[in-house]
Amino acid sequence: MKPVFKPKDMIQNLTGFTCLKCGACCRQEGYVRLEKNEPDIIAAFLSMDVRHFIETCTILTRDRIGLSLKEKENGECIFLTDDGCRINAFKPKQCLEFPVKWKFKDFEHICAWAIQRSKKIKDRE
Ligand code: SF4
Ligand code: SF4
C-alpha cells in the first residue's frame, strides 16, 4: 500500500530542494547570525576594513554572543538588492542552510520552491 502524504507533510520533505532565488527568505525579519570567521570573509569580499564592516553592516545580537547582519527599515537584509544577494558568493552559513537545515514556521507559504512544490502535489491529487 502506498503511504499517504498530506501536502504539508510533503513540504517538510525537502529532497530535491533547489533555491529559486525569489529572495522571500531575505525579506523576513530576524537575525542573520554570522559565524566567527564570516565578518572577515564578507568584509574582504566587499573590500572593506573588517572593523568598518562590523560597525556599518552588523548589530550585536540581543544575547550578546554574536553579530547579525543589519536589516533595512522594512525588515529586509541589508544585502538584498533587486538583483539578489549582494554577497551571494560569500553569504553566511545560516543563509546557505535555509531551508534544508533550518526553517522558520510557515516557510512553505513564502518560499517560491515550496509554493511550486505544493502546487504540483495539489495538481496530482
Ligand atoms: S546575506 Fe544574502 S542570502 Fe543572506 S539574508 Fe542577506 S540577502 Fe539573503
Ligand atoms: S524563499 Fe526559498 S526559493 Fe526563495 S530565495 Fe529563499 S530559499 Fe530560495
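Here, every reference points to the structure presented above.
Here the structure is a predicted model, which means the values were calculated and not measured.

Colleague: What should I look at first to understand the overall build of the protein chain in this one?
Modeller: Scanning the protein chain for helices and strands turns up five helices and four strands. With the C-alpha coordinates of the protein chain rotated into their principal frame, the extents come out at 60 × 30 × 25 Å. For the protein chain, with 125 residues in total, the buried portion stands at 14%. Taking as baseline every contact in the protein chain between residues at least 6 positions apart, the subset at least 24 positions apart corresponds to 61%.

Colleague: What's the story with the site of ligand 2 in this structure? I'm lost.
Modeller: As a matter of local geometry, ligand 2 sits amid 13 residues, with Cys-19, Cys-22, Ala-24, Cys-25 and Cys-111 nearest to it. Here the residues of the shell around ligand 2 sort into eleven nonpolar, one polar and one charged.

Colleague: In this structure, what is going on with the environment of Phe-45? I would like to understand it.
Modeller: Relative to the helices and strands, Phe-45 resides in helix 2 (residues 38–45). Each C-alpha atom, one on Phe-45 and one on Ile-115, is 33 Å from the other, the two residues being 70 residues apart in sequence. Beyond its immediate stretch of four places on either side in the chain, Phe-45 contacts Ile-87, Ala-89 and Phe-90.

Colleague: I tried to follow the packing of helix 2 against helix 3 (residues 50–57) on my own but got confused; where do I start?
Modeller: The description of two packed helices rests on the angle between their axes and on the distance between the axes. It is the contact of helix 2 with helix 3, at a shortest axis distance of 9 Å, that shows an interaxial angle of 100°. The orientation of helix 2 relative to helix 3 falls into the category roughly perpendicular. Mapping the contact onto sequence places Pro-39, Asp-40, Ile-42 and Ala-43 in helix 2 and Val-50, Phe-53 and Ile-54 in helix 3. Taken together, the residues of the contact of helix 2 with helix 3 sort by class into six nonpolar, no polar and one charged.

Colleague: In this structure, what is going on with the site of ligand 1? I would like to understand it.
Modeller: Around ligand 1, a shell composed of Cys-26, Val-32, Leu-69, Cys-77, Phe-79, Leu-80, Cys-85, Ile-87, Lys-91, Pro-92 and Cys-95 is seen. Classifying every residue of the shell around ligand 1 by side-chain character gives ten nonpolar, no polar and one charged.

Colleague: Got a minute to help me understand the nonpolar core in this structure?
Modeller: Ranked by size, the top nonpolar core spans eleven residues in total: Cys-25, Cys-26, Val-32, Leu-34, Leu-67, Leu-69, Cys-77, Phe-79, Cys-111, Trp-113 and Ala-114. Those elements giving two or more residues to this core turn out to be strand 2 (67–69) and helix 5 (112–124). Residues in contact with Leu-34, not counting those within four places in the same chain, are Pro-39, Thr-58, Gly-66, Leu-67, Ser-68, Leu-69 and Pro-92.

Conventions we followed
Just so you know, the residues in each chain are numbered from 1, in the order the chain's sequence is written. As a convention, the first chain written is A and the first ligand written is 1, with the rest following in written order. This being a predicted model, a pLDDT of at least 70 is required before a residue's local features are given, and a value of 80 or more before pairs of side-chain atoms are given or counted; all residues contribute to the totals for chains, interfaces and linings. Helix and strand labels come from DSSP, where a helix needs a run of H or I of at least four residues and a strand needs a run of E of at least two; each type is numbered from the N terminus. Partly exposed residues are those whose C-beta has more than 12 but fewer than 20 other C-beta atoms within 10 Å; 20 or more makes a residue buried and 12 or fewer makes it exposed, with C-beta atoms placed from the backbone. Contact between two residues is assigned whenever their backbone-derived C-beta positions fall within 7 Å. To decide whether a residue is near a molecule or strand, its C-beta atom is placed from the backbone and checked for lying within 6 Å of it. Under the scheme applied, nonpolar residues are Ala, Val, Leu, Ile, Met, Phe, Trp, Tyr, Cys and Pro; charged residues are Asp, Glu, Lys and Arg; polar residues are all the others, including Gly. With axes taken as lines fitted to C-alpha atoms, and helix axes fitted only over the stretch in contact, angles between N-to-C directions fall between 0 and 180 degrees. Oblique is the label for every angle not falling under 35 degrees (roughly parallel), over 145 degrees (roughly antiparallel), or within 65 to 115 degrees (roughly perpendicular). In this description, a nonpolar core means buried residues of the types Ala, Val, Leu, Ile, Met, Phe, Trp, Tyr and Cys, linked to one another by C-beta atoms lying within 7 Å.

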